[in-house]
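Coordinate analysis (summary)
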Amino acid sequence: MSTADTDNDALIAVYDRNARRLRTEWSAGSESATHSDKFITFHTPFLPPAGSHALDIGAGYGAHVNGLESRGLTVVAVEPAAGMRTEAKTLYPDSRATWLDDRLPDLAKVHALGRQFDFMLMNSVWMHLPHDQRDQGMECLATLLAPGGRFSVLLRHGPAPADRPMLESDADPFLALAEAQGLSVIHREENGDELERDSVSFTRLILTKLG
């Protein structure tokens, strides 16, 4: 097992142990019901028709999975922290999403499903992926996106919490890797932190893959 693997396991354990606390914190800001509605409204122009396949990578406690299901999408949710998956099942007991304990850079269980996705979402995940795994991670992501599909990515900038190490996730290096895999950016915006942390900001990217 590599040092990166060990660090990832330790990081996932933090999310697992603190799932309830983190869900409560996130619910006070960008992950609240109101903001989840705004999230879906913002993505409406980029969402495929009902019945299409969606993938949420780093799905947390399922707020956006629920939103995507409300639009008639069939959702696969990737979340390696068992505590977060438990929170999701508690909050959304009627969800029909497929939840997988999986992770980048290879998303082996997702690939084993043998499908591509018309819409993909990855919020605040890239900063946890070691630099030496990012080429492989981007290749994996590009392979999973269907031709003509849309991929929404949220990149976090700023200092990490003391208990959760985070790496640089600047937009330009991310886009360089994405473009090398045939992905093109069709929307980019910079946003402040909805939890009102002055030193934290985010970049939202929407990518597509030509057919």
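Residues numbered from 1 in each chain as written. Predicted model: local features only at pLDDT ≥ 70, side-chain atom pairs only at ≥ 80, totals over all residues. Heavy atoms only, no water.

Describing unusual backbone geometry
- That bond from Leu-104 to Pro-105 is cis: its omega, 15°, falls within 30 degrees of zero.
- Phi at Leu-107 is positive, roughly 45°, even though this residue is not glycine.
- Its identity as a non-glycine residue notwithstanding, Ser-124 has a phi of 50°, on the positive side.
- As for its placement among the helices and strands, Ser-124 is situated in the loop between β4 (117-123) and α7 (134-144). (Helix = DSSP H or I, 4+ residues; strand = E, 2+ residues; numbered from the N terminus.)

Side note on the environment of Val-14
- One can find Val-14 in helix α1 (residues 3-17).
- For Val-14 and Ala-81, which are 67 residues apart along the polypeptide, the C-alpha to C-alpha distance reads 8.4 Å.
- Ignoring sequence-local partners within four residues, the contact set of Val-14 consists of Asp-163 and Arg-164. (Contact = heavy atoms within 4.5 Å.)

What about the pairing of strand β5 (residues 145-157)?
- Along β5, ten of the 13 residues are buried, which leaves the element largely enclosed by surrounding structure.
- One ladder, built from six bridges, connects β4 with β5; its direction is parallel. Paired with Phe-119 across the strands is Arg-150, a residue of β5.
- Read as a crossover between parallel neighbours, the route from β4 over α7 to β5 is right-handed.
- As defined by bridge partners, β5 adjoins strand β7 (residues 201-209) across eight bridges and the pair is classed as antiparallel. Bridging from a neighbouring strand, Leu-154 pairs with Arg-204 of β7. (Buried < 20%, exposed > 50% of the residue type's maximum accessible area, 1.4 Å probe, protein only. Pairing = 2+ DSSP bridges. Right-handed = clockwise from strand over helix to strand, strands pointing away.)

Section: the sheet that holds strand β1 (residues 53-57)
- With respect to topology, seven strands assemble into an open sheet ordered β3-β2-β1-β4-β5-β7-β6, the strand pairing being mixed. Of all the strands in the sheet, the pair left with one neighbour each is β3 (98-100) and β6 (183-192). Neighbour-to-neighbour, the strand axes of this sheet turn through a mean angle of 15°, independent of strand direction.
- Two elements, β1 and strand β2 (residues 74-78), share five bridges in a ladder whose sense is parallel. What sits directly across from Ala-54, in β2, is Val-75.
- Each of β1, β2, β3 and β4 touches helix α4 (residues 63-70); the most contacted strand, β2, lies at about 170° to it. (Axes fitted to C-alpha atoms, helices over the stretch in contact; angles between N-to-C directions.)

Regarding the packing of aromatic side chains
- One pass over the structure, following the stated rule, counts two aromatic pairs.
- Centroid distance Phe-42 to Phe-46: 6.1 Å. Interplanar angle 55°. Geometry classified as tilted.
- Relative accessible area serves as the criterion here: at 27%, Phe-42 is assigned to the partly exposed category.
- Look at Trp-126 and Phe-174: their rings are 5.0 Å apart centre to centre, the planes differ by 85°, and that puts the pair in the edge-to-face class. Within this pair, whereas Trp-126 is found in the loop between β4 and α7, its partner Phe-174 is found in helix α8 (residues 171-180), the two being separated by 48 residues in sequence. (Phe/Tyr/Trp six-rings, centres within 6.5 Å; stacked < 30°, edge-to-face > 60°.)

Comments concerning the confidence of the model for the protein
- Averaged over every residue, the pLDDT of the protein is 88; residues scoring 70 or more account for 85%.
- Counted against residues more than four places away or in other chains, residues 1-6, with its pLDDT under 50, gives six contacts.
- Contacts of residues 29-34 to residues separated by more than four positions or lying in other chains number 14 contacts, the stretch itself having pLDDT below 50. (pLDDT = per-residue confidence, 0-100.)

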